[in-house]
Amino acid sequence: MPLSLIAQKASLSGRVTAKLSKGAIQSASVFLSNSSYGTITGADGNYSMSNLKPGQYTLVVTAVGFEEYTQKIQVGDLDLNVNIQLVPKTIQLREVVISTNSKADWKRNFEQFKRTFWGAMPTLNCA
């Protein structure tokens, strides 16, 4: 009688939320580093990956406006449920100063604007 071995393959699922608001994060990228396993979260923040081979992986979660999340996980014979809270990413913007300087040469600035955004226009000589 032949002996057959059936390898157990586990699944990974969970929910991705914002740490401060506890709200679901839609379209977050959830993947296992250095593998071909990955998915994105749904509108409710839930994700699921199945048929995972046993082994140690780094779970990576990214979303626009949030810090990247990483966690080592061990996939075995049992299904895993990993809920993740992402921290908002702080972005430092450069200062913008708007002034009404009466000495500004608006005609020169307007000509520079036209050259920059519209390109050089040929001069027509209608003589």
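Residues numbered from 1 in each chain as written. Predicted model: local features only at pLDDT ≥ 70, side-chain atom pairs only at ≥ 80, totals over all residues. Heavy atoms only, no water.

Participant: Explanation requested: the sheet that holds strand E5 (residues 55–62) in the structure shown.
Facilitator: In a beta sheet, neighbouring strands pair by backbone hydrogen bonds and run either parallel or antiparallel. Read across the open sheet, the 4 strands follow the order E3-E2-E5-E6; overall the sheet is antiparallel. Where the open sheet ends on each side, the last strands, each with one partner, are strand E3 (38–40) and strand E6 (69–75). Averaged over all pairs of adjacent strands, the angle between their axes in this sheet comes to 20°, without regard to strand direction. Strand direction decides the pairing type here: strand E2 (residues 29–32) and E3, joined by 3 bridges, are antiparallel. Bridging from a neighbouring strand, Ser29 pairs with Ile40 of E3. (Pairing = 2+ DSSP bridges. Helix = DSSP H or I, 4+ residues; strand = E, 2+ residues; numbered from the N terminus. Axes fitted to C-alpha atoms, helices over the stretch in contact; angles between N-to-C directions.)

Participant: Can you help me understand the packing of aromatic side chains in this one?
Facilitator: In this description, an aromatic ring pair is defined by two values, namely the gap between the centres and the angle between the planes. The full count for this structure, using the stated rule, is 1 aromatic pair. Ring centres 6.1 Å apart and planes at 85° place the aromatic pair Tyr37 and Tyr57 in the edge-to-face group. Of this pair, Tyr37 sits in the loop between E2 and E3 while Tyr57 is found in strand E5, placing the two residues 20 residues apart along the sequence. For the pair shown, Tyr37 and Tyr57 are each scored as buried. (Phe/Tyr/Trp six-rings, centres within 6.5 Å; stacked < 30°, edge-to-face > 60°. Buried < 20%, exposed > 50% of the residue type's maximum accessible area, 1.4 Å probe, protein only.)

Participant: Looking at this structure, how should I read the pairing of E6?
Facilitator: Bridge count for E5 against E6 is 7 bridges, and the pairing is antiparallel. Paired with Val61 across the two strands is Tyr69, which belongs to E6. Between E5 and E6, which pair antiparallel and follow one another directly, the connecting turn spans 6 residues, one of which, Gly65, has a positive phi of 90°.

Participant: Just checking my understanding: could you explain the nonpolar core for this structure?
Facilitator: A general trend in soluble globular proteins is that nonpolar side chains are found buried together. Counting 22 residues, the largest nonpolar core has Leu12, Val16, Leu32 and Leu59 as the members making the most contacts within it. Going through the elements one at a time, strand E1 (10–18), E2, strand E4 (46–52), E5, E6 and strand E8 (84–86) are the ones with two or more residues in this core. Of the residues forming this core, the biggest block, 4 residues, is contributed by E1. Look past the residues within four positions of Leu59 in its chain and what remains in contact with it is Leu12, Val30, Phe31, Leu32, Tyr47, Tyr69, Thr70, Gln71, Ile73, Val82 and Ile84. (Core = buried A, V, L, I, M, F, W, Y, C linked by side-chain atoms within 4.5 Å. Contact = heavy atoms within 4.5 Å.)

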